[in-house]
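Survey of secondary and tertiary structure
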Amino acid sequence: MEKQEILVTAKSPSNIAIVKYWGKHGCQLPNNPSVSFTLSNCYTETSVTYIPDLKNGMQFLFEGKESPKFKEKIEKYMEKHGGLYRFDTDIFSHLKVESRNSFPHSSGIASSASSMSALVLCLLKLEKALENDETPLDLRRASMLARLASGSASRSVYPVMALWGETSCVSDSSDEYAVPLGDMTAPVFKTYHDTILIVSNKEKSVSSRVGHALMEGHPLAEKRYLTARHNTQRLLEALRTGDLTAFIDIAESEAVQLHELMATSNPPYKLVEPNTLKIIDEIHRFREKTHIPVCFTLDAGPNVHLLFPDEFNEKVSAFVETKLKYYCVDNQYISDIVKGF
Ligand code: DP6
């Protein structure tokens, strides 16, 4: 085995799904296709140092501090899927992994997509460094390996937009990895902003892992997967043609449906808060009054993602500053934009 220390680094963004992945089976395979925007400003930066003399197993530091919960997640991933990398799995116990997020830890933003994809990109770079291979990374393989760590992470390896899950509309789509959609997307979507309104910065009461599991045997599951398939087809068409009306309709109905599935699961639960609903009302009123094609989506949490094309940035930013930020905890919001090529 190599005796020298090797340092690799990677930066990977978060993404926001328009058609949601909610429900999985087998080895991290999705029950329906999902489509997301890749973001620019919300990202994780990770460094992995291979230290041949490292004793006592893998080290993990998140923002400079030990984080046993996250370390356990990485160790489980390595135990289960480490054999898929082209190096000896003994290497894992000689790694020092350091990770930090660009967004505040207390923003309540899900970080598994950015953190897990950044980790996988580092491991693939390490693989290449050990083989003295200078060819570019295989993003499809990166997406597949990231999916095994966290489903949504599979979509973060590509700029602009990504599709994860098989659909007859995109020939090389797969449940095993995501594919880039940048070339199939009208120019307006490449200018999209995502302003993340932080309604709560507390840790979610029900994790996505539990949420996915509650889809098993959910009375609305089969209907949901059909709707998501249909919405994927409609969204791909809207993205191609630049149809903002259809985009808004799909984005908002997917967000509402995600939270309806939570409300109707067994046991039922609720992640939205009163201010989430007030913000949604304000967005609808603003859209009706101004005819600006602004809409919202929600993650598995109470924060509202405000989506709009760049040409309306000035007016929408004024709306956020004068109205929406007052519904946010400490008036906090994050201005993000779709990651370009
Ligand atoms: C609501 O990717 O966090 O954000 O595969 O268990 O890690 P795991 O789940 P995760 O689920 C994301 C759910 C979602 C929708 C989406 O991003 O598509």
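The present account deals with the structure reproduced in this document. (Residues numbered from 1 in each chain as written. Predicted model: local features only at pLDDT ≥ 70, side-chain atom pairs only at ≥ 80, totals over all residues. Heavy atoms only, no water.)

Grouped together as the largest cluster of nonpolar side chains are 38 residues, with contacts concentrated most on Tyr77, Tyr85, Leu95, Leu123 and Leu126. Breaking this core down by element, the ones donating at least two residues are β1 (6-19), β4 (34-50), β5 (59-62), α1 (68-81), β7 (95-101), α2 (112-130), α3 (139-149) and β8 (161-164). Broken down by element, the residue count for this core peaks at eight residues, all from α2. When sequence neighbours within four positions are dropped, the list of residues in contact with tyrosine 77 reads Gly82, Tyr85, Val120, Leu123, Leu145, Leu148 and Ala149. One finds Val35, Leu39, Phe247 and Cys295 within the second-largest nonpolar core, a separate group that totals 34 residues. (Core = buried A, V, L, I, M, F, W, Y, C linked by side-chain atoms within 4.5 Å. Buried < 20%, exposed > 50% of the residue type's maximum accessible area, 1.4 Å probe, protein only. Helix = DSSP H or I, 4+ residues; strand = E, 2+ residues; numbered from the N terminus. Contact = heavy atoms within 4.5 Å.)

Right, let's get into the sheet that holds strand β13 (residues 333-337). Here four strands make up an open sheet; going across it, the order is β11-β12-β10-β13 and the pairing antiparallel. Two strands close off the open sheet at either side, each with one partner strand: β11 (295-298) and β13. Strand-to-strand twist across the sheet, computed as the mean angle between neighbouring axes with direction ignored, equals 25°. As paired elements, β11 and strand β12 (residues 304-308) share four bridges and run antiparallel to each other. When the sheet's bridge partners are listed, leucine 298 is paired in β12 with valine 304. Packing against the sheet, helix α6 (residues 244-263) makes contact with β11 and β12, and its axis sits at approximately 30° to β11. Lying over the sheet, helix α8 (residues 313-322) contacts β10 (193-197), β12 and β13, oriented at roughly 155° with respect to β12. (Pairing = 2+ DSSP bridges. Axes fitted to C-alpha atoms, helices over the stretch in contact; angles between N-to-C directions.)

The quantities given are spatial measurements derived from coordinates; they are silent on function.
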